[in-house]
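Below are the chains, spelled out letter by letter.
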Amino acid sequence: MTERERAITLATDRLATAAVEREPCAPVRDLLGTVDVDTAYEVQRRLTARRLADGAVRTGRKIGLTSPAVQKQLGVDQPDFGVLFSDMDVSALAAVPTTRLLQPKVEAEIAFLLATDLDGDDLDLAAVRAAVAHAMPALEIVDSRVADWDITITDTVADNASSGLYVLGESRLPLEAFEPREATMRMYVDGVLVSEGTGTACLGDPLNALLWLARTARAYGDPLRAGQVVLSGALGPMVSVAPGVTVLAEISTLGTVTAAFTDKEPS
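For clarity, every value in this text was computed on a predicted model and none was experimentally measured. (Residues numbered from 1 in each chain as written. Predicted model: local features only at pLDDT ≥ 70, side-chain atom pairs only at ≥ 80, totals over all residues. Heavy atoms only, no water.)

Undergrad: Any chance you could explain the side chain of Thr 152 here in plain terms?
TA: With respect to the element layout, Thr 152 can be found in the loop between strand E5 (132-142) and helix H6 (153-158). A distance of 3.2 Å separates the side chain of Thr 152 from the side chain of Thr 154, its partner in a polar contact. (Helix = DSSP H or I, 4+ residues; strand = E, 2+ residues; numbered from the N terminus. Polar contact = N/O pair within 3.5 Å; in protein donor to acceptor, adjacent residues only side chain to side chain.)

Spelled out as structure tokens, the structure:
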């Protein structure tokens, strides 16, 4: 076994154990370093393969690190992505069970449903715009298997881009009726404004984020497909949440999305 293979195996096992035991672990950068993003994505790929082998169903992708402020904080100059699974979609639940999470935080985003594959070699903004069936307001409930959110780029990439759960709002708009970069967002916790931002906070335009993901996913040999949901990245700062609170996000023109949080599993 090569040193790289050993590091990947150990990092995969560490993060998988943290997820199963619901106990945050130490960062994996002691194994992966802090700059080798390709190796971190290999850890993510292996964790994804384990979930699929256990019967999980992929529903799409999420894009992270789209905010320049967060990129600066982590010392990176690019976004990252993770995989969405069907059991992460809690839109239909009356309340989001925090028992499924370790250190949850919430951010408001724009979600896109894809009508066509994005696997061509000439991907551009026109191509990704044409591929979107409609946009939806969304809350991403991010989480980290790494204790105290003590992460660098390799830690979060390996940990499925710090994915947790997600909630999709009921409204649906085609891009002919909604311009993502012009959106404004306000997010409230129990009626108190806690976060606000605009579409331009997401790589200048959430469609820029979608284009980055489409190109990157294709480069990794796993392109975006019709029917998948893409969470395009935060429009404003994320905030921590706890059982008993209700989060409401308003995204101009697009609509609202709400999530109540509970420490009880659905009956």
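Undergrad: Mind showing me how you'd approach the environment of Leu 125 here?
TA: If you trace the backbone, Leu 125 turns up in helix H5 (residues 125-131). Along the chain, Leu 125 and Leu 114 lie 11 residues apart, while their C-alpha atoms are 14 Å from each other. Those residues in contact with Leu 125 that lie beyond four places of it in its chain are Leu 207, Asn 208 and Leu 211. (Contact = heavy atoms within 4.5 Å.)

Undergrad: Honestly, the pattern of salt bridges in this entry has me stumped. Any pointers?
TA: Any two side chains of opposite charge can pair if their charged atoms end up close together. Within the structure shown, the criterion is met by 22 salt bridges. For Glu 140, the salt bridge identified is with Lys 62, shortest N-O distance 2.8 Å. Of this pair, Glu 140 sits in strand E5 while Lys 62 sits in strand E1 (residues 58-64), and the two are 78 residues apart along the sequence. In this pair, the class of Glu 140 matches that of Lys 62, namely buried. In this structure, Glu 179 engages Arg 129 in a salt bridge whose closest nitrogen and oxygen atoms are separated by 2.9 Å. Linking Glu 179 in the loop between strand E6 (165-168) and strand E7 (184-189) with Arg 129 in helix H5, this pair joins segments that are 50 residues apart in sequence. By relative accessible area, which is 31% here, Arg 129 ends up partly exposed. One connected set of salt bridges, linked through shared partners, spans Glu 5, Glu 42, Arg 45 and Arg 46. (Salt bridge = Lys/Arg side-chain N within 4 Å of Asp/Glu carboxyl O. Buried < 20%, exposed > 50% of the residue type's maximum accessible area, 1.4 Å probe, protein only.)

Undergrad: How do you make sense of the environment of Tyr 188 when you look at a structure like this?
TA: The topology assignment puts Tyr 188 in strand E7. With 178 residues separating them in the primary sequence, Tyr 188 and Leu 10 have C-alpha atoms 40 Å apart. Apart from the residues lying within four places of it in its own chain, the contact partners of Tyr 188 are Leu 193, Val 194, Thr 246, Val 247, Leu 248 and Glu 250.

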